[in-house]
Amino acid sequence: MSGIAASEQTPARSGTAAPDIGGWQPPSYWPFVVPALIVVLAVIIFPWAYTIWMSLHEWKVGSPPTFVGLANYIRLPSDTRFVESVWHTLVYTLLSVALPLLLGTLAAVVFHTKFPMRGFLRGLFILPMMATPVAIALVWTMMFHPQLGILNYLLSLIGLPPQLWVFHPATVIPSLVLVETWQWTPLVMLIVLGGLAAIPAEPYESALIDGATRWQVFRYISLPLIMPFLFIAAMIRMIDAVKSFDIIFAITQGGPGTASETINLYLYSVAFVYYDVGYASAIVVVFFALIVALAGALLRLRQTTHWNDAGGVA
Amino acid sequence: MLGNIGLGFALLVIVSPAALFFLWMLSLSIKFEVDNASYPPVFIPEHFNWGNYAAVFGSNRFTTYFANSLIVTGAATAFALLVGVPAGYGLARMRAHKAAVVVLIARITPGLSYLIPLFLLFQWLGLLGTLWPQIIIHLVVTVPIVIWIMIGYFETTPMELEESALIDGATRWQVFRYVALPIARPGIAVAFILAVIFSWNNFVFGIVLAGRETRTLPVAVYNMISFDQLSWGPLAAAALIVTLPVLLLTVFAQRQIVAGLTAGAVKGG
Amino acid sequence: MAHFGPTRRSLLQGTLATTALGLTGFPARADVQWKKYAGTTIEANLVKGPRGELLQKYASEFTELTGIKVESEVIPEQQQRQKAVIELTSGKPSFDVIHVSYHVQKRQFEKAGWLADLTAFMKDPNLTAPDLTVDDFSAGGRQFAENDKGEMHSLPWSVDYFILYWNKELFAKKGVTLPKTLDEMAVAAEKLNDPANGIYGFTGRGLRNANMTLWTNFFLDYGGEFLDDKGNILTDGPEAIEATKLYQRLLTKTAPPGVAGFNWMESMASLTQGRAAMWIDGVGWAPPIEDPNASRVVGKIGYALVPAGPKGQYSAAYGDGIGIPQASTKKEAAYLYCQWAVSKTMGARLLQSGGGVPFRNSILNDESVRKGVKMPPEWLDSVIGSAKISKLGLPVIVPVAEFRDIVGAALTATLSGADPEAELKKAHAQFRPILERSEKS
């Protein structure tokens, strides 16, 4: 196989299929993939298979499992705590996607222009997303303290009343969203920045020559071109926000009461506090299905707006 | 020019939440409790309490936990690169977009769901007192990142050199090793850095799997919520120590991270 | 403080000669062979707090006594309980000694059979000092540690009674006297409440799960019983509703903002910072309150019994025990450690430092021990007084964690205005099936 010379020239393309040399096909790339495949089988596929198996059993740690078919799944809709956690998850995710998307895009526009110390400032800006979530969350907890925390102090400086932040069911989710937004807006910024950087210069130049304002340039040229990147950012944010655990666990453990209990937090309680691993496994499966459904919805949304993109652009 | 002032102002607004947060974290960590408990808050105290840091390092085994984090993250990342870079290459060349779905599944699945089956597996294998369970389960985090980034990277590298090498009679492996790999160095750097960061920061696996000797830093810092109230100083100091390595890595490797994320890695979903 | 170790050893050695005479004609009682297992190393898994830390602090004395090396670890409560269960289930726990929280784990551990039966050890004179007998433990202790067959699967170590901490200075300032009933207490809290100056009449646990221990004391005072004779849970009945109304009233009208997120740490902070006039919680929190490095109210706090309700005056009691996993291969060595933990020396230290209260009557009643108590005499009085009116603070069921989470969440919800009766009913609709399932398996 290795010595077969090309019988025809294929046009040089960037990084797609293997060169089609005399009808001989790519499978020879399999050895490259096999080691990773073994790892994936062991640490990803095996746990998944086992999870599905467990979800069909009533199994509390300490007693033997008993097969119960779909009973765990049937239990879910009537479990008010689970249903509420779904609702909390949706609200939390929606806010945690929308806000960083908005702020990240604005930040990307700013960082797209050249100015001195841009590299340094950008580095500073991305620190939140790289910092250890648990460590960050603990500091935020101290900042949220109603009497001694610095956030209420800052509010008082601008004349606003002190908030209960994470200590009241009505404000806990927005407070957590604040932390999540603070932490992950940089990621959106980077992705969108990459998109902006990929836009060729000519449309800008001709638009400016034609007298377009900055805003018009952004709205009609930049925005459509960075749409794909916005969707990628939205997808990544959505998946991460739905699964968000470290921040919520470290700051509120799902409280006050169960006001900030998302599906993932509830899963932790069921699996590692109540040791009901059968039921927990069913929650995992349903949780996963939910994420896939959300991702699917987002993809469909992208496809429909894709048709609206200015046709023929790159 | 007004534009410059506007830009400056915008930058200030954008960057200050990050900067101020870390400065406040630093401030909390160098104050005595009496300063930390006072209101209005004290920003720069009269007396600096380096004792908070001493307390953190002096407390049992903190250096052990640091070493644990290094070992777990180092091993998990090294191994991920070993299997993930070739896999990314192979999948990119095979145009095996379906395979990327597995990577996506790994990304979507909540970390907790790996814990129960893998815990039982580790117990059966008798590995529980060692660092191996954590290294192995961290592969769940590192391998998908490496594969995902390398697929994106290899898909955007120019094929001419590779094709000509193949025409000249090189094996796939030789092409990979001598042609593709050197070109992919920036991508590998990005994959490495991101894998290191996400593995270092991982918390959820540690709280279940780690024992007294095998704890990693994020778990250790969480356990520090001590029973006497208001030890914010040591807590902030510990938090800063835990996150400092990745912060430094970000500052020094910032270009690679940004370049990688904005170039090859972000392919059309 | 007198060092009891060597004295005891020499005492034992001294009595060796006399007991060999065998006064009653029975075979001479052999001594505890403390050094029999010298050279072993045991692992102890302890909860972070004054009790666990006490054992760690004096571990070297134990090693001196027995030659057994102890590797111990203190972990925060929630994590310790989880890790313990995970390891015990695996059948190969990494520890030989485990710190048990009876109020949460008793039934779960009994059902799963995780702890070794210590009855034989206790009867073995080679292993157990003569002064340690089952009768020495208080009724509450035996209730905690014995299973339905009367076997002891752990040694009762420290009991926690709920008491009322009150700030005498704040009371004096407003001319309020110490309340004797729950209603008086609510009124007093309202009088003492002064938000403009950052002072609140009452502080207590609002955090779900943790708050159950406070609430149950009210529940008991209103005459509540946890279970009926069929094992049905009764915590949504009229007594529960009354207790919840009181809980809601105290924590919404007269407590610091953010109390819905308070566990004992935050509540204690309010008290020690001089911001709260009253606090009801476990009796073992006295040391930090009287510590000048941590507290601004040293010497100003009074220790009283929890005020009476319409149906009685009770102190909710919770217990810690120390036990040995059935799977341990070093049971005898571990048993010596457990015995040492509840010995007179250590029990005295526990009481004297205010970090806990031993279950053993002989220690509690010993004058020399009492004299050495570092806490104010009022504290010791509240301990003794509470012991007399103590009642188990949580139902003896398997799903205690769920109970505390679900009903606790309902209580926290009332703090933002939800209706007590509706919340309790909703919570119990969720909890009853869980309880049923747990009893079936």
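Quick caveat: nothing in here was measured; it's all calculated off a predicted structure.

## Considering the overall build of chain B
And step 1. Secondary structure summary: chain B contains 14 helices and zero strands in total.
And step 2. Each helix and strand of chain B, placed in order from N terminus to C terminus, yields the pattern α-α-α-α-α-α-α-α-α-α-α-α-α-α.
And step 3. The principal-axis extent of the C-alpha atoms belonging to chain B is close to 75 × 70 × 30 Å.
And step 4. A burial count over chain B gives 58% of its 269 residues as buried.
And step 5. A separation threshold of at least 6 residues defines the contact pool for chain B, and within that pool the share at least 24 residues apart is 74%.

## What about the nonpolar core?
And step 1. Counting 275 residues, the largest nonpolar core has Phe111 and Trp140 of chain A together with Leu155, Ile322, Tyr337 and Trp379 of chain C as its most contacted members.
And step 2. For this core, the element with the highest residue contribution is helix H7 (residues 169-198) of chain A, accounting for 15 residues.
And step 3. If we ignore the near neighbours within four places in the chain, the residues touching tryptophan 140 of chain A are Leu151, Leu178, Val179, Trp182 and Ile251 of chain A together with Phe21 of chain B.

## What to know about the side chain of arginine 404 of chain C
And step 1. Tracing the backbone shows arginine 404 of chain C in helix H19 (residues 400-414).
And step 2. Apart from residues lying up to four places away in sequence, arginine 404 of chain C is in contact with Arg81, His103, Val104, Arg208, Asn209, Ala210, Met212, Thr213, Leu394 and Ala409 of chain C.

## Brief notes about the interface of chain B and chain A
And step 1. Counting residues at the interface gives 99 residues for chain B, matched by 99 residues for chain A.
And step 2. The contact between chain B and chain A buries some 8,500 Å² in all, and 79% of this surface belongs to carbon and sulfur atoms.
And step 3. For the interface between chain B and chain A, the tally reads one salt bridge.
And step 4. With a shortest N-O distance of 3.1 Å, aspartate 240 of chain A and arginine 107 of chain B are connected by a salt bridge.
And step 5. Put simply, chain B and chain A have 12 residue pairs in polar contact (both at pLDDT 80 or more) between them.
And step 6. Per-element accounting of the side of chain B that touches chain A gives the leading share, 13 residues, to helix H1 (residues 2-29) of chain B.
And step 7. Grouping the amino acids of the side of chain B that touches chain A by side-chain chemistry returns 77 nonpolar, 14 polar and eight charged.

## Details of the environment of leucine 151 of chain A
All names here are of chain A.
And step 1. In this fold, leucine 151 is placed in helix H6 (residues 150-157).
And step 2. Residue leucine 151 is classed as buried on the basis of its relative accessible area of 13%.
And step 3. Those residues in contact with leucine 151 that sit more than four places away from it in its chain are Trp140, Met143, Phe144 and Trp165.

## Things to note about unusual backbone geometry
It is generally the case that most residues other than glycine have a negative phi and that most peptide bonds are trans.
Residues and elements named next belong to chain A.
And step 1. Following glycine 255, the chain continues into proline 256 via a peptide bond in cis, with omega recorded as 0°.
And step 2. Tracing the sequence through the fold places proline 256 in the loop between helix H10 (246-251) and helix H11 (263-273).
And step 3. Not every positive phi belongs to a glycine, and glutamine 253 is a case in point at roughly 50°.
And step 4. Topologically, glutamine 253 is positioned in the loop between H10 and H11.

## Quick notes on the domain arrangement of chain B
Residues and elements named next belong to chain B.
And step 1. If you check the domain split of chain B, you get domain 1 (1-49) and domain 2 (59-268).
And step 2. Centre-to-centre separation of domain 1 and domain 2, based on C-alpha positions: 32 Å.
And step 3. Counting from both sides, the interface comprises nine residues of domain 1 and, opposite them, 11 residues of domain 2.
And step 4. Interface of domain 1 and domain 2: buried area, both sides summed, is about 770 Å²; carbon and sulfur atoms make up 78% of it.
And step 5. It is Met25, Ser29 and Glu33 that lose the most area in domain 1 upon contact with domain 2, and together they represent 55% of the buried surface on that side.
And step 6. Linking domain 1 with domain 2 are zero salt bridges.
And step 7. On the surface where domain 1 and domain 2 come into contact, there are zero residue pairs in polar contact (both at pLDDT 80 or more).
And step 8. Elements represented by at least two residues in the side of domain 1 that touches domain 2 include exactly H1 and helix H2 (33-36).
And step 9. Top contributing element to the side of domain 1 that touches domain 2 by residue count: H1, with five residues.

## Let's talk about the packing of aromatic side chains
And step 1. Using the criterion set out here, one finds 51 aromatic pairs over all chains in the structure.
And step 2. Ring geometry for tryptophan 48 of chain A and phenylalanine 288 of chain A: centres 4.8 Å apart, planes at 70°, overall edge-to-face. Of this pair, tryptophan 48 of chain A sits in helix H1 (residues 30-55) while phenylalanine 288 of chain A sits in helix H12 (residues 277-306), and the two are 240 residues apart along the sequence.
And step 3. Its relative accessible area of 13% is what places tryptophan 48 of chain A among the buried residues.
And step 4. Owing to a relative accessible area of 15%, phenylalanine 288 of chain A belongs among the buried residues under this scheme.
And step 5. Clustering of aromatic rings is evident, with ring pairs tying together Tyr29 and Phe32 of chain A together with Tyr89, Phe154, Trp173 and Phe176 of chain B.
And step 6. The side chain of lysine 391 of chain C reaches across the aromatic face of tyrosine 314 of chain C, ending 4.7 Å from its centre.

## Looking at the confidence of the model for chain A
Residue and element names in this part refer to chain A.
And step 1. For chain A, per-residue confidence averages 83 on the pLDDT scale, and 88% of positions sit at 70 or higher.
And step 2. The low-confidence segment residues 1-18, where pLDDT is below 50, has 39 contacts with residues more than four positions distant or belonging to other chains.
And step 3. Every residue in residues 310-314 is under pLDDT 50, and counting partners more than four places away or in other chains gives one contact.

## Overview of a nonpolar patch on the surface
And step 1. Judged by side-chain polarity, Trp30, Val34, Leu37, Ile38, Leu41 and Ile45 of chain A come together as a nonpolar surface patch covering roughly 540 Å² of accessible area.
And step 2. Along the chain, valine 34 of chain A falls in helix H1.

Thresholds applied
- Residues numbered from 1 in each chain as written.
- Chains lettered and ligands numbered in written order.
- Predicted model: local features only at pLDDT ≥ 70, side-chain atom pairs only at ≥ 80, totals over all residues.
- Heavy atoms only, no water.
- Helix = DSSP H or I, 4+ residues; strand = E, 2+ residues; numbered from the N terminus.
- Buried < 20%, exposed > 50% of the residue type's maximum accessible area, 1.4 Å probe, protein only.
- Contact = heavy atoms within 4.5 Å.
- Core = buried A, V, L, I, M, F, W, Y, C linked by side-chain atoms within 4.5 Å.
- Buried area = accessible area lost by both parts, 1.4 Å probe.
- Salt bridge = Lys/Arg side-chain N within 4 Å of Asp/Glu carboxyl O.
- Polar contact = N/O pair within 3.5 Å; in protein donor to acceptor, adjacent residues only side chain to side chain.
- Nonpolar A, V, L, I, M, F, W, Y, C, P; charged D, E, K, R; others polar.
- Domains from an automatic or database assignment.
- Phe/Tyr/Trp six-rings, centres within 6.5 Å; stacked < 30°, edge-to-face > 60°.
- Lys NZ or Arg CZ within 6 Å of the ring centre and 35° of its normal.
- pLDDT = per-residue confidence, 0-100.
- Patch = residues over 30% accessible without salt bridge, like charges linked within 9 Å, V, L, I, M, F, W, Y side chains within 5 Å.
- Areas by Shrake-Rupley, 256 points an atom, 1.4 Å probe, with all protein chains shown as cover.

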